[in-house]
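Overview (structure and organization)
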Amino acid sequence: MVSAGLEILGLGLCVIGSLLVMVVCGLPMWKVTAFIEANIVVAQTIWDGLWMSCVVQSTGQMQCKVHDSVLALGHDLQAARALTVISCVFGVLGLMVVIAGAQCTNCISAENVKTRVVNAGGVIYITSGLFVLVPLCWMANNIISDFYNPQVPASKKREIGAALYIGWAATALLLIGGALLCCSCPSGGNSGYSAKYSPTKRATPNGTGDYDKRNYV
């Protein structure tokens, strides 16, 4: 019962984390305009994401443009695209694996095999979390480095956007949920006790069988 509860809790955390990773992948708010020095009051805010850049006017109007060329993007942005998509794919794969080996399903009959399948799903979710953690930290490091670099103009400096914070929360959910799935163990329903049967007695010509004569009075 405890193992089933851990599986449900771990799977719930991992599913939420995977959904957040998909949201982060599509959000354009990886980098936002930094309001420093003379940029305290501006008429527009710039958002930079994996797939598009958006300009939000002070009137509330927003215009977005998809990145024209993949080769024109920076190495960090290209790597972030690839790793984030891989993380999303691993999230879907991990969901199918865990459901196949969950104790509440009958896809697999052997309890030991089901436990190993669930553990494998936990490893997949942990890998998914690591895949999305790498571009998040890489992007945050570049943003911070450019922010404190005096050679970068103030108009080009960016701050960490909301997508990165959501991504870090998704990573934590994936790692915790995957660890819970890896802690899954076989249910106690199948005990190690087996029935023991005494050997069949051979009948003798006198019809008494091979019983010990001490059993008779």
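Computed from a predicted model, the values in this text were never measured in an experiment.

A few points about the overall build of the protein chain
Within the protein chain, the secondary structure is distributed over four helices and five strands. When the helices and strands of the protein chain are listed from N to C terminus, the series reads α-β-β-β-β-α-α-β-α. Scored against the burial criterion, the 217 residues of the protein chain give a buried share of 34%. Long-range pairs, those at least 24 residues apart, make up 66% of the contacts in the protein chain with a sequence separation of at least 6. Total accessible area on the protein chain stands at roughly 13,100 Å², and carbon and sulfur atoms take up 65% of it.

Some points on the nonpolar core
If you look at the biggest cluster of nonpolar residues, it comprises 25 residues, and the most contacted ones within it are Val 21, Trp 30, Leu 50, Tyr 125, Met 139, Leu 164 and Leu 181. Contributions of two or more residues to this core are made by α1 (2-26), α2 (75-101), α3 (111-147) and α4 (162-182). Element by element, the count of residues in this core is highest for α3, at seven residues. Those residues within four positions of Met 139 in sequence are excluded, and the remaining contacts are Trp 30, Lys 31, Leu 50, Asp 76, Leu 77, Ala 80 and Leu 164.

A word on the pairing of strand β4 (residues 62-66)
Pairing of strand β3 (residues 52-57) with β4 involves five bridges; the strand directions are antiparallel. In the sheet register, Cys 54 faces β4, and the bridge partner there is Cys 64. Counting the residues that bridge the hairpin from β3 to β4 gives four residues, and of these Gly 60 lies at a positive phi of roughly 100°.

Quick notes on the UniProt feature "transmembrane region" (unreviewed entry) in the protein chain
Here the UniProt-annotated "transmembrane region" (unreviewed entry) positions come out as residues 6-30, 82-102, 122-141 and 162-181. Note that residues 6-30 is 84% helix and 0% strand, and that its end C-alpha atoms are spaced 33 Å apart. Annotated as residues 122-141, this span is 100% helix and 0% strand, and its ends, taken at the C-alpha atoms, are 29 Å apart.

Focus: a nonpolar patch on the surface
Together, Leu 19, Met 22, Val 92, Leu 93 and Met 96 make up a nonpolar patch on the protein surface, roughly 440 Å² of accessible area in all. Mapped onto the nonpolar patch, the elements with two or more residues apiece are α1 and α2. Top contributing element to the nonpolar patch by residue count: α2, with three residues. Mapped onto the secondary structure, Met 22 falls in helix α1.

Observations concerning the sheet that holds β4
Here we have five strands laid out as an open sheet, ordered β4-β3-β2-β1-β5, and antiparallel in their pairing. For this open sheet the edge positions go to β4 and β5 (158-160), each flanked by a neighbour on one side alone. On average, each strand axis in the sheet is tilted by 25° relative to the strand beside it, whichever way the strands run. Here strand β1 (residues 31-33) pairs with strand β2 (residues 44-48) via two bridges, running antiparallel. Among the inter-strand pairings, Val 32 is bridged to a residue of β2, identified as Trp 47.

Structural notes on the packing of α2 against α3
Viewed as axis vectors pointing N to C, α2 and α3 meet at an angle of 165°, and their least axial separation amounts to 8 Å. In terms of axis orientation, α2 runs roughly antiparallel to α3. Crossing angle aside, the handedness with which α2 passes α3 is left-handed. Residue composition of the contact of α2 with α3, grouped by class: 21 nonpolar, 11 polar and two charged.

Thoughts on the state of the cysteines
Counted by the stated rule, this structure contains one disulfide. What pairs with Cys 54 in a disulfide is Cys 64, and their sulfur atoms sit 2.0 Å apart. Between Cys 54 and Cys 64, the S-S dihedral sits near 110°, and the bridge is therefore right-handed. Here Cys 54, found in strand β3, pairs with Cys 64, found in strand β4; they are 10 residues apart in sequence, far enough to count as distant. Judged by relative accessible area, Cys 54 falls into the buried class, the value being 1%. Look at Cys 64 and you get partly exposed, because its relative accessible area is 41%. In this structure Cys 25 is a free cysteine whose sulfur lies 4.9 Å from that of Cys 88, the closest cysteine sulfur available. No disulfide involves Cys 183; its sulfur sits 6.9 Å from that of Cys 182, the nearest cysteine.

Scoring rules and cut-offs
Residues numbered from 1 in each chain as written. Predicted model: local features only at pLDDT ≥ 70, side-chain atom pairs only at ≥ 80, totals over all residues. Heavy atoms only, no water. Helix = DSSP H or I, 4+ residues; strand = E, 2+ residues; numbered from the N terminus. Buried < 20%, exposed > 50% of the residue type's maximum accessible area, 1.4 Å probe, protein only. Contact = heavy atoms within 4.5 Å. Areas by Shrake-Rupley, 256 points an atom, 1.4 Å probe, with all protein chains shown as cover. Core = buried A, V, L, I, M, F, W, Y, C linked by side-chain atoms within 4.5 Å. Pairing = 2+ DSSP bridges. UniProt positions renumbered as here; feature names shortened; annotations may be inferred. Patch = residues over 30% accessible without salt bridge, like charges linked within 9 Å, V, L, I, M, F, W, Y side chains within 5 Å. Salt bridge = Lys/Arg side-chain N within 4 Å of Asp/Glu carboxyl O. Axes fitted to C-alpha atoms, helices over the stretch in contact; angles between N-to-C directions. Parallel < 35°, antiparallel > 145°, perpendicular 65-115°, else oblique. Left-handed = near helix turned anticlockwise from the far one by under 90°. Nonpolar A, V, L, I, M, F, W, Y, C, P; charged D, E, K, R; others polar. Disulfide = S-S within 2.5 Å.

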